[in-house]
Amino acid sequence: MELIEQRYAYTRVTDNSGRHRVKTGNLVVAQFDHIESRDLDPHLHTHCLLMNMTQTQMVGG
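All values reported here derive from a predicted model rather than from experimental measurement. (Residues numbered from 1 in each chain as written. Predicted model: local features only at pLDDT ≥ 70, side-chain atom pairs only at ≥ 80, totals over all residues. Heavy atoms only, no water.)

(A) Representation of the overall build of the chain. From N to C terminus, the chain includes 1 helix and 4 strands. In sequence order, the chain lays out its α and β elements as α-β-β-β-β. Against the globule reference of 10 Å for 61 residues, the chain gives a C-alpha radius of gyration of 17 Å, more extended than a compact globule. Principal axes of the C-alpha set define a box for the chain whose edges measure 55 × 20 × 15 Å. Nonlocal contacts in the chain, meaning residues at least 24 apart in sequence, comprise 22% of its contacts between residues at least 6 apart. (Helix = DSSP H or I, 4+ residues; strand = E, 2+ residues; numbered from the N terminus. Rg over C-alpha atoms; globule rule 2.2 N^0.38 Å. Contact = heavy atoms within 4.5 Å.)

Quick look at the structure:
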């Protein structure tokens, strides 16, 4: 997830000069750790739910 944040976390910001892509470097992700498979065999893994949102500097105010 860190690599995805570094490379692909962008948002669009609109100001007086138009719309711009801004690299934010952060995402909202929920992670769920599982310790077994569907057959109840030991199988440590994590599911990640990536939200369509990011955080940027507040412009104006």
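(B) Focus on the pairing of strand β2 (residues 18-23). Summarising the sheet, strand β1 (residues 10-15) and β2 pair through 6 bridges and their orientation is antiparallel. Bridged to Asp15 within β2 is Gly18. In textbook terms, the turn of a hairpin is the stretch between consecutive antiparallel strands, and for β1 and β2 this stretch comprises 2 residues. (Pairing = 2+ DSSP bridges.)

(C) Broad picture of the environment of Thr24. Inspection of the secondary structure puts Thr24 in the loop between β2 and β3 (29-36). For Thr24 and Met1, which are 23 residues apart along the polypeptide, the C-alpha to C-alpha distance reads 14 Å. When near neighbours in sequence (up to four residues on either side) are disregarded, Thr24 contacts Ala9, Tyr10, Thr11, Thr54, Gln55 and Thr56.

(D) Region of interest: the environment of Glu2. Structurally, Glu2 is set in helix α1 (residues 2-8). The exposure class of Glu2 is exposed, given its relative accessible area of 57%. Each C-alpha atom, one on Glu2 and one on Asn26, is 8.7 Å from the other, the two residues being 24 residues apart in sequence. (Buried < 20%, exposed > 50% of the residue type's maximum accessible area, 1.4 Å probe, protein only.)

(E) How the structure looks around the side chain of Thr24. Taking relative accessible area as the criterion, Thr24 reaches 17% and is therefore assigned buried. Here Thr54 takes part through its side chain, which lies 2.5 Å from a polar atom of the side chain of Thr24. (Polar contact = N/O pair within 3.5 Å; in protein donor to acceptor, adjacent residues only side chain to side chain.)

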